[in-house]
Amino acid sequence: MWWYVAKRLLQAIPVFLGATLIIFFLTKLRPGDPILGLIGNKPVSPEVREALRDQFHLNDFIGLQWLYFLKDVVTFNPDFVGLDGQPVFQKIGNALPVTGTLALLALAMDAVIGIVVGTIAGLRRNGWFDSVTLVISLILLSIPIFVVGFVLQFLFGVKWGIFAATVPVDWNVTDLLLPAFVLAIANIATTTRLTRTSVANNMSADHVRTARAKGLSGGVVIRNHVLRNSLVPVVTYIGINLGSLMAGAIITEGIFNVQGIGNLAFGAVSRGDTPLTVSVVSVMVMLYVFMSLIVDLLYAVLDPRIRYV
């Protein structure tokens, strides 16, 4: 297993290089001068403008600019700054905890609500609970996240005052509960449907009928023979969701004014700040890579037949 983990970590290196290269080139296709985007409407002399272009290597060949970026990232250069002159690692370090907490809360809600409701619906297939669950999940999947976010913000934050309408700078976990639910709501619907289908299919599997024929109790059959096999595709979906939740947090963070990675990425793209944009996207890409590794390792826990060599 350790050799498998080491091999997957080595595979992350070309993934990181390829992702940063592609995003770096894409940001360069953005129209306009990033220096002008930085200074706004302030008057600037051609000499100052040219000095800023030299400082950020904007006059160099694009491939050389990418190599400068890699050097600063790999060596964790403390002087690595964005076009606004602020340290990139410091800005990401300040934004990552709130987005990470938001994504983990959303992931927990997704796992608990989706698996519990989906399991009950699968065990009671074609019953009233199953029908209601399918209808609600379809409704949640069809409504855009920004509509759900604004409605829940108005109801729970403004009208009823149960939660804060916006997340303050000195946030705590309770401040993130409402935006986390908004972020997770579409994934909860998908997890519920996926769990329901998987459980319902496993209920009629041969190994489940054999377990019942041996005289095992219903609880043991469901726990050891139905759920463990049903959770393999669900774990795949939920595990990969952490990266997608952090990426999808851009809309949610904008609605609730969360000063996280989403807002940071949106501001960087708007300004044409290539170093900060590529750095933020690189963090998200690596989260995808590591979460996919963790999901693969969880397969062996859920299904003893799976072995990694």
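Reading guide: rules and limits
Throughout this document, residue positions are counted from 1 along each chain, in the order its sequence is written. Given that this is a predicted model, residues contribute local features only at a pLDDT of at least 70 and side-chain atom pairs are listed and counted only at 80 or more, while totals for whole chains, interfaces and linings are drawn from all residues. Each side-chain value is worked out from all heavy atoms of the structure, with water and hydrogens disregarded. Secondary structure elements are taken from DSSP: a helix is a run of H or I of four residues or more, a strand is a run of E of two residues or more, and numbering for both begins at the N terminus. Remark: exposure states derive from per-residue accessible area (1.4 Å probe, protein chains only) relative to the maximum for the residue type, with buried under 20%, exposed over 50%, and partly exposed in between. We call two residues in contact when some of their heavy atoms are within 4.5 Å. The method behind every accessible area is Shrake-Rupley, applied with a 1.4 Å probe, and residues are considered shielded solely by the protein chains displayed. Here the expected span of a helix is defined as 1.5 Å times the quantity of residues minus one. Working note: the arc is built from the helix axis to C-beta atom directions. The definition of a nonpolar core used throughout is a set of buried Ala, Val, Leu, Ile, Met, Phe, Trp, Tyr and Cys residues joined through side-chain atoms within 4.5 Å.

**Q** Please provide a residue-by-residue account of the overall build of the protein, values included.
**A** A count of helical and extended segments in the protein gives twelve helices and zero strands. Moving toward the C terminus, one meets the helices and strands of the protein in the order α-α-α-α-α-α-α-α-α-α-α-α. Per-residue burial for the protein yields a buried fraction of 41% across its 309 residues. Contacts in the protein between residues far apart in sequence, at least 24 positions, make up 74% of those at least 6 positions apart. Summed over all atoms, the accessible surface of the protein reaches about 16,300 Å², with 69% contributed by carbon and sulfur.

**Q** Summarise helix α6 (residues 128-142); cite the residues concerned and give the values.
**A** The end-to-end C-alpha distance of α6, which contains 15 residues, comes to 21 Å, matching closely the 21 Å that a straight helix rising 1.5 Å per residue would cover. Within α6, burial applies to Asp130, Thr133 and Ser137. For α6, the angular spread of buried residues about the axis comes to 60°, placing them on one side. In α6, the exposed positions angled more than 90 degrees off the buried face are occupied by Trp128 and Ser142. On the buried face of α6, the contacting elements are α5 (88-123) and α8 (177-203).

**Q** Pulling in residues and values, what's your account of the nonpolar core?
**A** With 30 residues, the main nonpolar core has Leu102, Ala106, Leu176, Ala180, Leu183, Leu245 and Phe256 as its most contacted residues. If you list the elements that add at least two residues to this core, you get α5, α7 (145-159), α8, α10 (218-256) and α12 (274-302). Top element by residues in this core is α10. It accounts for nine residues. Leave out the neighbours within four places in its chain, and Ala180 touches Leu102, Leu105, Ala106 and Met109. Listed in part, the 21 residues of the second largest apolar core include Phe16, Val73, Ala265 and Ala268.

Take it as geometry only, folks, not as evidence of what the structure does.
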